[in-house]
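Chain by chain, the residues run as shown.
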Amino acid sequence: MIDLLVAGGGPAGLATAMHAARAGLSVEVREPRAGAIDKACGEGLMPAAVARLARLGVDPPGRDLRGIRYLAGAATAEAAFPGSPGRGVRRVALHAALLAAVAAAGVRIEPRAVGAVRQDDGAVLVDGTPARYLVAADGLHSPLRRSLGLDAPSRGPRRYGLRRHVGVPPWTDMVEVHWARHAEAYVTPVGEDEVGVAILTTRRLPYDRHLAAFPQLRERLCGEPTSTVRGAGPLRQSARARVAGRVLLVGDAGGYVDALTGEGISLALAQAEAAVAALAAGRPQDYEVRWRHIVRRYRLLTEALLRAASAPPTRRALVPVAHALPAVFSAAVAELGRP
């Protein structure tokens, strides 16, 4: 019987497997899709994510990110990360780097999905295969979260994300967040001649219709698209708990608020480490408390920004206020930059 079976071979699942291997646990990953998988993702790694990847020996190629800039018409506000830079990384490049590291660690990836899960006091039976523990890292709309009865209703507006790349040299070393009436556009440098443009919105319209709301940005995007449009959503997902007996939820499977602050990968990496620490100690129940500690700051900041962005008067005032109060904006960016 292996110690840990991980359902899902994305960044959260692969990081979990690497931490487990380092802790001396026998581990197997199950993922039905082969190779590096592209997904709708803002692709801006916050400094904490870069640091956590480095501790795993993972150094994906990309462009350093110095900070964050907000733009709305003529109003701008920007702030630098206080310590090390973040990094703009194509999702497929990040996934490929993690796959290489997992292979080097000797972790086996089984090319199939997890189906039936049963558990008792001593083991989890995953499609008939026994394991001491199971980590569900199967994404935003986690089938395992649902099958375990851990899905919870999500309140608030239903937001969606769309992303496409454009072949144009980056004009900044910051993540730019362009604000329009009904959407935000997140521009991330990911290569010498490429940027990713992710749009977050409550409105379900074609990508180019959304982009038309950002005329200044559209003028800058003079190159040809280098990828197709990918979408995700609704982004807000809730779970009743992150621990169900011998099963732990890691990454987006454990619940998600919004991509507005760009901390998804950083949180997933921190949760992977915390989950394995709890399992190595034989105390899976400890993970719930640790998970709440990891996401507390992110949830407070994200919920505050979402509340401000959901009402037209405060949405219009967000960038002018950030410009008028640079110390406040810098403090918020510093929160994103710290581990």
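As a reminder, the structure under discussion sits directly above these lines.
So, a few notes on the structure that sits alongside this text. (Residues numbered from 1 in each chain as written. Predicted model: local features only at pLDDT ≥ 70, side-chain atom pairs only at ≥ 80, totals over all residues. Heavy atoms only, no water.)

### Here we look at the pairing of strand E13 (residues 160-166)
Most of E13 sits out of view: seven of its seven residues are buried. The alternating pattern of E13 places Tyr160, Leu162, Arg164 and Val166 on one face and Gly161, Arg163 and His165 on the opposite face, and all of these are buried. One ladder, built from seven bridges, connects E13 with strand E16 (residues 194-201); its direction is antiparallel. The residue bridging Leu162 from the neighbouring strand is Ile199, located in E16. Across three bridges, the pairing between E13 and strand E17 (residues 230-232) is antiparallel. Bridge pairing in E17 links Arg163 to Arg230. (Buried < 20%, exposed > 50% of the residue type's maximum accessible area, 1.4 Å probe, protein only. Helix = DSSP H or I, 4+ residues; strand = E, 2+ residues; numbered from the N terminus. Pairing = 2+ DSSP bridges.)

### Description of the nonpolar core
Judged by nonpolar contacts, the single largest core of 74 residues is most densely connected at Leu4, Leu45, Ile68, Tyr70, Val135, Tyr287 and Phe329. With 11 residues, helix H7 (residues 264-280) is the single largest residue contributor to this core. Here Leu45 is in contact with Val50, Leu53, Pro60, Leu65, Gly86, Arg87, Val89, Leu94 and Ile265, once residues within four sequence places are set aside. (Core = buried A, V, L, I, M, F, W, Y, C linked by side-chain atoms within 4.5 Å. Contact = heavy atoms within 4.5 Å.)

### Some words on empty space enclosed by the protein
Evaluated as defined, the whole model comprises two cavities of 30 Å³ or more. By volume, the largest cavity amounts to about 70 Å³. What lines the largest cavity is simply Gly251, Asp252, Gly255, Tyr256, Gly264, Leu267, Ala268, Gln271, Val295 and Tyr298. Counting residues per element, the ones that place at least two in the lining of the largest cavity are H7 and helix H8 (286-310). At four residues, H7 tops the list of elements feeding residues into the lining of the largest cavity. In terms of residue class, the lining of the largest cavity is built from five nonpolar, four polar and one charged. (1 Å grid on protein atoms, 1.4 Å probe; cavity = no way out; pocket = protein on both sides within 12 Å on 5 of 7 lines; lining within 4 Å. Points joined across faces, edges and corners; volume = space filled by probe spheres on them. Nonpolar A, V, L, I, M, F, W, Y, C, P; charged D, E, K, R; others polar.)

### Overview of helix H3 (residues 91-104)
Here H3 is 14 residues long and its end C-alpha atoms lie 20 Å apart, about the 20 Å a rise of 1.5 Å per residue gives. Turning to H3, its buried residues number three or more, namely Arg91, Leu94, His95, Leu98, Ala101 and Val102. Buried residues of H3, seen end-on, are gathered within an arc of 125° and therefore sit on one face of the element. Every exposed residue of H3 that faces more than 90 degrees away from the buried side is listed here: Ala103 and Ala104. (Expected span 1.5 Å × (residues − 1). Arc of directions from axis to C-beta.)

### What about the environment of Val114?
Relative to the helices and strands, Val114 is located in the loop between strand E8 (108-110) and strand E9 (117-119). The residues touching Val114, leaving out its near neighbours within four places in the chain, are Leu5, Ala7, Arg30, Val126, Asp127 and Leu144.

### Here's the deal with unusual backbone geometry
For the peptide bond that leads from Gly233 to Pro234, omega is -5°, which places it in the cis range. One can find Pro234 in the loop between E17 and strand E18 (238-239). Although it is not a glycine, Glu43 sits at a positive phi angle of roughly 70°. Of note, Glu43 is situated in the loop between strand E2 (27-30) and strand E3 (44-45). Accessibility expressed as a relative area gives 3% for Glu43, which makes it buried. The phi torsion at Asp127 lies on the positive side, around 50°, for a residue other than glycine. Examined against the element boundaries, Asp127 turns out to sit in the loop between strand E10 (124-126) and strand E11 (129-136).

### Focus on the packing of aromatic side chains
Inspection of the entire model under this criterion finds two aromatic pairs. Look at Tyr70 and Phe329: their rings are 4.9 Å apart centre to centre, the planes differ by 55°, and that puts the pair in the tilted class. Here Tyr70, found in strand E5 (residues 67-72), pairs with Phe329, found in helix H10 (residues 326-337); they are 259 residues apart in sequence, far enough to count as distant. No difference in accessibility class separates Tyr70 from Phe329, as the two residues are buried. Each member of the aromatic cluster is reached from another via a ring pair, and the members are Tyr70, Trp179 and Phe329. In this structure, Arg204 is placed above the aromatic ring of Tyr160, and the distance from its NZ or CZ to the ring centre is 4.4 Å. Cation over ring: Arg242 sits above Trp291, and NZ or CZ is 3.7 Å from the ring centre. (Phe/Tyr/Trp six-rings, centres within 6.5 Å; stacked < 30°, edge-to-face > 60°. Lys NZ or Arg CZ within 6 Å of the ring centre and 35° of its normal.)

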